[in-house]
Amino acid sequence: QVQLVESGGGLVQAGGSLRLSCTASGRTFSTYAMGWFRQAPGKEREFVAAIRWSLGNTYYGDSVKGRLTISTDNAKYTVYLQMNSLKLEDTAVYYCAATLYPGERRNSNEYAYWGQGTQVTVSS
């Protein structure tokens with residue numbers, strides 16, 4: 001089992017920045033990559049970004065490219081999501097997730113472990 005704990009959400013004005021953190025514990029060696037997803041009220045869960053633990057390969061959802069950056073501190077088993085130039089439409093619950101599968105994984109069904117989620121609210 002892998003446990004994921006997110007932190008760093010909150011309320012921010014449009015154009016501002018936030019950094020989310022997710023710390024993994026347990027059988028972290030079994031995971032291939034970490035991802036961030038988000039879900040706004042009444043909408044489906046959306047892929048945001050993912051990063052491979054070992055080589056640091058990253059990929060992003062189209063709606064966040066250039067504004068959000070995913071990174072890791074492998075020594076701390078922690079993944080970060082730096083969010084800049086936030087927009088009202090970035091308001092959502094953000095979830096950290098871990099996948100066991102290699103390659104690019106953008107579907108939430110491909111992620112086996114999930115954190116509890118952290119709320120990000122962007123105000124005008």
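Attention in this report is confined to the structure presented alongside it.

Rules used in this analysis
- Residues numbered from 1 in each chain as written.
- Predicted model: local features only at pLDDT ≥ 70, side-chain atom pairs only at ≥ 80, totals over all residues.
- Heavy atoms only, no water.
- Helix = DSSP H or I, 4+ residues; strand = E, 2+ residues; numbered from the N terminus.
- Rg over C-alpha atoms; globule rule 2.2 N^0.38 Å.
- Buried < 20%, exposed > 50% of the residue type's maximum accessible area, 1.4 Å probe, protein only.
- Contact = heavy atoms within 4.5 Å.
- Areas by Shrake-Rupley, 256 points an atom, 1.4 Å probe, with all protein chains shown as cover.
- Lys, Arg positive; Asp, Glu negative; His and termini not counted.
- Charge placed at Lys NZ, Arg CZ, Asp CG, Glu CD.
- Core = buried A, V, L, I, M, F, W, Y, C linked by side-chain atoms within 4.5 Å.
- Salt bridge = Lys/Arg side-chain N within 4 Å of Asp/Glu carboxyl O.
- Phe/Tyr/Trp six-rings, centres within 6.5 Å; stacked < 30°, edge-to-face > 60°.
- Disulfide = S-S within 2.5 Å.

## Quick word on the overall build of the chain
Inference 1: Tallying secondary structure elements over the chain gives 0 helices and 11 strands in all.
Inference 2: Each helix (α) and strand (β) of the chain, taken in turn from the N terminus, gives the series β-β-β-β-β-β-β-β-β-β-β.
Inference 3: The C-alpha radius of gyration computed for the chain amounts to 13 Å, which stays within 12% of the reference 14 Å derived for 124 residues, consistent with globular compactness.
Inference 4: For the chain, the spread of C-alpha atoms along the three principal axes comes to 40 × 25 × 25 Å.
Inference 5: The buried share of the chain, reckoned over its 124 residues, is 43%.
Inference 6: For the chain, the proportion of contacts with a sequence separation of at least 24, taken over those separated by at least 6, is 57%.
Inference 7: Just so you have it, the chain exposes about 6,300 Å², and 48% of that area is on carbon and sulfur atoms.
Inference 8: Charge separation in the chain, taken as the distance between the mean sites of 12 positive and 9 negative side-chain charges, equals 4 Å.

## Examining the nonpolar core
Inference 1: Core analysis: the largest hydrophobic core is formed by 29 residues, its most contacted members being Leu4, Met34, Trp36, Leu81, Met83 and Tyr94.
Inference 2: Looking at this core, the elements with two or more residues in it are β1 (2-7), β3 (18-26), β4 (33-39), β5 (46-52), β7 (68-73), β8 (78-83), β9 (92-99) and β11 (118-123).
Inference 3: Phe37, Phe47, Ala97 and Tyr111 belong to the second largest nonpolar core, which has 6 residues in total.

## Some details on the pattern of salt bridges
Inference 1: Per the stated rule, a full pass over the model turns up 6 salt bridges.
Inference 2: For Asp90, the salt bridge is made with Arg38, and the minimal N-O distance between the two is 2.8 Å. Remark: Arg38 occurs in strand β4 and Asp90 occurs in the loop between β8 and β9; sequence separation between them is 52 residues.
Inference 3: Judged by relative accessible area, Asp90 falls into the buried class, the value being 0%.
Inference 4: Using a relative accessible area of 5% as the deciding quantity, one classes Arg38 as buried.
Inference 5: One salt bridge connects Glu110 with Arg105, and the closest N-O pair in it is separated by 2.9 Å.
Inference 6: With relative accessibility at 22%, the residue Glu110 sits in the partly exposed group.

## Quick word on the packing of aromatic side chains
Inference 1: This model, assessed by the stated rule, comprises 7 aromatic pairs.
Inference 2: Ring geometry for Phe37 versus Tyr111: centroids 5.0 Å apart, planes at 80°, classification edge-to-face. Pair noted here: Phe37 is in strand β4 and Tyr111 is in the loop between β9 and β10 (113-114), with a separation of 74 residues, a long-range link. With respect to class, Phe37 is no different from Tyr111; both count as buried.
Inference 3: On the basis of an interplanar angle of 80° and a centroid distance of 6.3 Å, the ring pair of Tyr95 and Trp114 is categorised as edge-to-face.

## Remarks on the state of the cysteines
Inference 1: Overall, the coordinates contain 1 disulfide when judged by the stated rule.
Inference 2: The partner cysteine of Cys22 in its disulfide is Cys96, sulfur to sulfur 2.0 Å. The disulfide joining Cys22 to Cys96 has a torsion of about -75° about its S-S bond and is therefore left-handed. With Cys22 in strand β3 and Cys96 in strand β9, the pair connects residues that are 74 residues apart, well separated along the chain. The two residues Cys22 and Cys96 agree in class, both being buried.

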